[in-house]
Amino acid sequence: MIGRTYLERGEPVVVLIRWNGPGPRNVLIQRADGSKVVRPFRGLRRPKEETPMPSVNPPTNAKRRDLQAQVITRDGGACQCRTGTPTACGRPHTCGAGRCLTRHTPAAPLHVVARDDIRPESAAALPPGDLIALCDSCHRALLTRRRKTRNRTVPVPDALF
Ligand SMILES: [Zn+2]
Ligand SMILES: [Zn+2]
């Protein structure tokens, strides 16, 4: 237990020293702010990750699946790539006169992506109105296009050292 992290009233602390002997077992702990305190070992809790925490992911995934289905249904089960719009993948789509004609099938499901070029973390929280359905090819082409634009607007140095 030396060097282990425990929770003291919900805050992580590290046990540095443990004293054995008669009476209450005391430990020297270091709190997150760096301060060190001697206190009884009793009352410290094991951090949560050591106990299995069921059913945190399933509801989130189900919610995301619902949202995805909702967007695909709203978009009529068809890829929403249109040339000349911000979500155009850049391919000409001549046979659809600028519209991509790919439809949603269970074997090749449509991707649901943010209408605007934003970070994936923020895209996960978007309402259906800010999302559109795209087929796999358009999705991939659009991602490549966005990545290129992003690199132009935010120059990244090759190396720092
Ligand atoms: Zn498409
Ligand atoms: Zn396209």
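As a reminder, the structure under discussion sits directly above these lines.
About the cut-offs
- Residues numbered from 1 in each chain as written.
- Chains lettered and ligands numbered in written order.
- Predicted model: local features only at pLDDT ≥ 70, side-chain atom pairs only at ≥ 80, totals over all residues.
- Heavy atoms only, no water.
- Donors = N, O, S within 2.8 Å, 3.2 Å for Na, K, Ca; no water.
- Tetrahedral: all angles 85-135°; square planar, octahedral: opposite > 155°, others 65-115°.
- Helix = DSSP H or I, 4+ residues; strand = E, 2+ residues; numbered from the N terminus.
- Buried < 20%, exposed > 50% of the residue type's maximum accessible area, 1.4 Å probe, protein only.
- Pairing = 2+ DSSP bridges.
- Salt bridge = Lys/Arg side-chain N within 4 Å of Asp/Glu carboxyl O.
- Phe/Tyr/Trp six-rings, centres within 6.5 Å; stacked < 30°, edge-to-face > 60°.

Student: What should I look at first to understand the coordination of the zinc ion (ligand 2) in this one?
Tutor: When a metal holds four donors in a tetrahedron, each ideal angle between them is 109.5 degrees; when it holds six in an octahedron, the ideal angles are 90 or 180 degrees. Donor atoms from the polypeptide that coordinate the zinc ion (ligand 2) comprise Cys81 (SG), Cys89 (SG), His93 (NE2) and Cys138 (SG), at 2.0 to 2.3 Å from the metal. Around the zinc ion (ligand 2) sit four donor atoms, and with donor-metal-donor angles ranging over 104 to 117 degrees the site reads as tetrahedral. Between the zinc ion (ligand 2) and the zinc ion (ligand 1), the interatomic distance is 4.1 Å, and cysteine 138 donates to each metal, bridging them. With cysteine 81 in the loop between helix 1 (57-74) and strand 5 (111-114) and histidine 93 in the loop between helix 1 and strand 5, this pair connects stretches of sequence that are twelve residues apart. Each member of the pair, cysteine 81 as well as histidine 93, is classed as buried.

Student: What exactly am I supposed to notice about the pairing of strand 6 (residues 131-134) here?
Tutor: Within a regular beta strand, the side chains point alternately toward one face of the sheet and then the other, so they alternate between its two faces. Neither face of strand 6 is open: one carries Leu131 and Ala133, the other Ile132 and Leu134, and all of them are buried. Here four bridges tie strand 5 to strand 6, and the two strands are oriented antiparallel to one another. Residue valine 112 lies in a different strand from strand 6, and its bridge partner there is alanine 133.

Student: Is there a simple way to think about the coordination of the zinc ion (ligand 1) in this case?
Tutor: Distances from the zinc ion (ligand 1) to its protein donors, namely Cys79 (SG), Cys100 (SG), Cys135 (SG) and Cys138 (SG), fall within the range 2.2 to 2.3 Å. Relative to the metal, the four donor atoms surrounding the zinc ion (ligand 1) lie at angles of 101 to 117 degrees, and the coordination shape comes out tetrahedral. Its relative accessible area of 2% is what places cysteine 135 among the buried residues.

Student: Help me understand the pattern of salt bridges in this model?
Tutor: Here the idea is simple: oppositely charged side chains can pair when their charged atoms come close. This structure, assessed with the given rule, holds four salt bridges. A salt bridge links aspartate 75 to arginine 74, with the nearest nitrogen and oxygen atoms 2.9 Å apart. It is possible to trace a salt-bridge network through shared partners that takes in Glu8, Arg31 and Arg39.

Student: Hey, could you run me through unusual backbone geometry in this one?
Tutor: Negative phi values dominate among residues other than glycine, just as trans dominates among peptide bonds. In the Ramachandran plot, arginine 9 falls in the positive-phi region, its phi being about 50 degrees despite a non-glycine side chain. Its location among the elements puts arginine 9 in the loop between strand 1 (5-8) and strand 2 (11-18). Under the relative-accessibility criterion, arginine 9 is labelled exposed at 71%. Phi is positive for alanine 97, close to 55 degrees, though the residue is something other than glycine. You can call alanine 97 exposed: its relative accessible area is 71%.

Student: Before we go on, may I ask you to explain the packing of aromatic side chains in this structure?
Tutor: Here the distance between the centres and the angle between the planes together describe a pair of aromatic rings. For the coordinates displayed, the defined rule picks out one aromatic pair. For the ring pair tyrosine 6 and phenylalanine 41, a centre distance of 5.5 Å and an interplane angle of 85 degrees mean the geometry is edge-to-face. Of the two residues, tyrosine 6 sits in strand 1 while phenylalanine 41 sits in the loop between strand 4 (36-40) and helix 1, which places them 35 residues apart along the sequence. When its relative accessible area of 16% is taken as the criterion, phenylalanine 41 is described as buried.

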